[in-house]
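# Fold and geometry: a report
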Amino acid sequence: MMHFVGVDLGASNVRAAVGDRTGEIRATARARTPAGPTGAAVTDAVREVVTAACSSADVDPTDVAGAGVASMGRLDLAAGAVASAPNVDADVGPIRLVGPLASLLDLDRDAVTLRSDTQAGAVGERFHAHPDVEDLVYLTISSGIGAGVIADGEPLTGRDANAGEVGHITIAPEGGMTCGCGREGHWEAYCSGNNVPRFARALHERDPVDTAVPLADEGFDAADVYAHAGTDAFADRVLERVTALNVRGAAAVVHAYAPRVLVVGGAVATNNPETVVEPIRRRLPGELVVDAPEVTLAELGDDAALAGALVLAIPDADRP
Ligand SMILES: [Zn+2]
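Residue positions are given per chain, counting from 1 as you read along its sequence in written order. In keeping with the model being predicted, local features are shown solely for residues with a pLDDT of at least 70 and side-chain atom pairs are shown and tallied solely at 80 or more, while totals for entire chains, interfaces and linings include all residues. Excluded from the side-chain calculation are hydrogens and water; included are all heavy atoms of the structure.

Another aspect to go through is the overall build of the protein. Counting from the N terminus, the helices are the DSSP runs of H or I reaching at least four residues and the strands are the DSSP runs of E reaching at least two. The number of helices and strands found in the protein is 10 helices and 13 strands. When we talk radius of gyration, it's over C-alpha atoms, and the globule rule is simply 2.2 Å times the number of residues to the 0.38. Against the globule reference of 20 Å for 320 residues, the protein gives a C-alpha radius of gyration of 20 Å, in line with a compact fold. Burial analysis of the protein (320 residues in total) assigns 52% to the buried set. In the protein, of all internal contacts separated by at least 6 residues, the share reaching a separation of at least 24 is 62%. Here the Shrake-Rupley method, with its probe set to 1.4 Å, supplies the accessible areas, and only the displayed protein chains count as covering residues. About 14,100 Å² of surface is accessible on the protein, with carbon and sulfur atoms providing 45% of the total. Each residue's exposure class comes from its accessible area (1.4 Å probe, protein chains only) as a fraction of the maximum for that residue type: buried when under 20%, exposed when over 50%, partly exposed otherwise. Contacts between residues were defined by any pair of non-hydrogen atoms, one from each residue, lying within 4.5 Å.

Now the structure itself:
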């Protein structure tokens with residue numbers, strides 16, 4: 001039997017899966033992503049988790065036929081590394097992935113495929129939930145916003161796996177909220193899990209109405225806003241603004257990539273499908289000059305990128 005390895009390197013956790021050429025996962029392992037101090041420390045953690053997953057699957061690492069890596073951060077595909085990972089630590093430096101995994105698994109470098117986590121998520125959702133769909137976009141609304149694109153049956157990578165950085169589409173040209181990247185009016189500055197609370201506070205400052213939303217609490221987060229949907233007028237006003245901007249962003253994505261299916265995932269969406277996904281499904285067609293895609297909730301949840309990384313490890317010729 002042929003064995004393959006998938007890795008999902010996130011800011012909080014690193015996970016590895018071992019599977020066969022059907023993409024079925026046989027064993028997994030996980031660890032906390034170390035917060036530095038160096039990229040080498042993160043690389044070591046990745047190697048350890050891969051070794052643990054192999055051991056749990058009773059597979060010798062040198063018997064693995066290919067590996068796929070889904071990663072957060074800004075990628076350098078030529079170097080096979082994460083160039084910078086501000087979510088882990090601003091000073092962590094490059095995290096080498098392809099070379100060290102190739103040597104651990106005794107593979108050629110080109111048998112190790114590195115992609116962004118959203119790109120891998122698109123591959124995972126398509127493989128497991130929409131295998132017959134040639135044109136699909138996987139949109140994640142979580143701490144940030146991003147997309148993975150499958151066009152004409154092929155995952156779109158772009159320079160250094162940057163295709164699909166849709167969270168930085170300008171959806172509010174008049175500005176008002178500053179994105180984590182420092183620019184005004186970007187989609188995720190309003191609608192990501194990290195920024196819905198900031199947006200809510202900004203709206204409340206402009207118009208301080210009575211509300212049960214705990215705006216002043218230290219731990220105030222997006223879930224607090226969504227929890228008051230339908231019961232608090234201020235929460236509904238915030239969420240109406242967020243929804244309108246989500247629809248605007250989703251329309252830009254559909255106009256750019258023409259998907260047949262728009263899969264919406266990420267914690268903000270999967271925790272609030274009725275408040276996040278349903279309005280996009282209902283209102284998107286009215287914003288489009290092209291045929292509306294089917295809008296559907298992601299099925300794999302947190303496992304999309306890991307499952308996709310495993311699929312990316314399997315050469316087309318070896319797939320069943
Ligand atoms: Zn931005």
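Here the narrative resumes, following the displayed structure.
Nitrogen, oxygen and sulfur within 2.8 Å of a metal are treated as its donors, or within 3.2 Å for sodium, potassium and calcium (Na, K, Ca); water is not counted, so a site can appear incomplete. Around the zinc ion, the protein contributes the donor atoms His168 (ND1), Cys179 (SG), Cys181 (SG) and His186 (ND1), at 2.0 to 2.3 Å from the metal centre. Classification of the site at the zinc ion as tetrahedral follows from its four donor atoms and the range of 98 to 118° in their angles at the metal. One chain supplies every donor to the zinc ion, and in sequence these donors are spaced H-x10-C-x1-C-x4-H. Here His168, found in the loop between β11 (154-155) and α4 (187-191), pairs with His186, found in the loop between β11 and α4; they are 18 residues apart in sequence, far enough to count as distant. The geometry test gives tetrahedral to four donors whose angles all lie between 85 and 135 degrees, gives square planar to four donors and octahedral to six donors whose opposite members are over 155 degrees apart with all other angles between 65 and 115, and gives irregular to the rest.

Turning our attention to the pattern of salt bridges. What counts as a salt bridge is simple: a side-chain nitrogen of Lys or Arg found within 4 Å of a carboxyl oxygen of Asp or Glu. For the structure shown, the criterion picks out six salt bridges. For Asp303, the salt bridge is made with Arg15, and the minimal N-O distance between the two is 2.9 Å. Within this pair, whereas Asp303 is found in the loop between β13 (294-297) and α10 (304-313), its partner Arg15 is found in strand β2 (residues 13-19), the two being separated by 288 residues in sequence. Among the residues examined, Asp303 registers a relative accessible area of 38% and is labelled partly exposed. Among the ionic contacts, a cluster of salt bridges with common partners joins Asp8, Arg15 and Asp303.

A few words now on the packing of helix α3 (residues 117-129) against α10. Lines fitted to C-alpha atoms define the axes here, with helix axes fitted over just the stretch in contact, and angles between the N-to-C directions of these axes take values from 0 to 180 degrees. Two elements in contact, α3 and α10, have axes whose closest approach is 6 Å; the angle formed by their N-to-C orientations is 80°. If you check the angle between α3 and α10, you find them roughly perpendicular. Contacts between α3 and α10 involve Asp117, Ala120, Gly121, Val123, Gly124, Glu125, Phe127 and His128 on the former and, on the latter, Ala304, Ala305, Ala307, Gly308, Ala309, Val311 and Leu312. The residue classification treats Ala, Val, Leu, Ile, Met, Phe, Trp, Tyr, Cys and Pro as nonpolar and Asp, Glu, Lys and Arg as charged. All others, Gly included, are polar. In the contact of α3 with α10, the residues fall into nine nonpolar, four polar and two charged. For classification, angles of less than 35 degrees are called roughly parallel, those exceeding 145 degrees roughly antiparallel, those between 65 and 115 degrees roughly perpendicular, and all remaining angles oblique.

Below, the discussion takes up the layout of surface pockets. In the cavity and pocket records, a cavity denotes points on a 1 Å grid over the protein atoms alone where a 1.4 Å probe fits but cannot get out, a pocket denotes an open set with protein on both sides within 12 Å along at least 5 of 7 lines, and lining residues are residues with an atom within 4 Å of a point. Grid points are joined across faces, edges and corners, and a volume is the space filled by probe spheres set on the points. Approximately 430 Å³ is the volume attributed to the second largest pocket. For the second largest pocket, the lining is made up of 20 residues, of which Pro155, Val311, Leu312, Asp316 and Arg319 are closest to its centre. Residue assignment for the lining of the second largest pocket shows that the elements contributing at least two residues are β8 (112-116), α3, β11 and α10. A class-by-class count of the residues in the lining of the second largest pocket yields 11 nonpolar, three polar and six charged.

Moving on: the domain arrangement of the protein. Assigned domains within the protein: domain 1 (3-107) and domain 2 (132-299). Domain ranges listed in this record stem from an automatic or a database domain assignment. Distance from the C-alpha centre of domain 1 to the C-alpha centre of domain 2: 29 Å. Note on domain 1 versus domain 2: buried area summed over both sides is about 350 Å², and carbon and sulfur give 45% of it. A 3.5 Å cut-off defines polar contacts: any pair of N or O atoms within that distance qualifies, except that in protein one atom must be a possible hydrogen donor and the other a possible acceptor, and neighbouring residues in sequence count only when both atoms are side-chain atoms. Linking domain 1 with domain 2 are one residue pair in polar contact (both at pLDDT 80 or more), by the criterion used here. The residue makeup of the side of domain 1 that touches domain 2, split by class, is three nonpolar, no polar and two charged. Note on definitions: buried area is the accessible-area loss of two parts on being combined, 1.4 Å probe, summed for both.

Time to look at the nonpolar core. Here, nonpolar core refers to any group of buried Ala, Val, Leu, Ile, Met, Phe, Trp, Tyr and Cys residues whose side-chain atoms link them within 4.5 Å. Trp187, Tyr190, Val225, Leu262 and Leu284 are the most contacted members of the largest nonpolar core, which totals 46 residues. Leave out the neighbours within four places in its chain, and Val225 touches Val196, Ala200, Val213, Phe220, Ala235, Val238 and Leu239. Counting residues in each nonpolar core, the second largest holds 36 residues, with Val7, Ala16, Val42 and Cys54 among its members.

Our next topic: helix α1 (residues 39-56). Between the first and last residue of a helix there are one fewer steps than residues, each counted as 1.5 Å, and that sum is the expected span. Under the 1.5 Å per step criterion, the end-to-end length of α1 is 26 Å for 18 residues, consistent within 8% with the ideal 26 Å. If you check which residues of α1 are buried, you get Gly39, Val42, Thr43, Ala45, Val46, Val49, Val50, Ala53 and Cys54. Downstream of α1 by one or two residues, Asp58 has phi in the positive range, about 60°.

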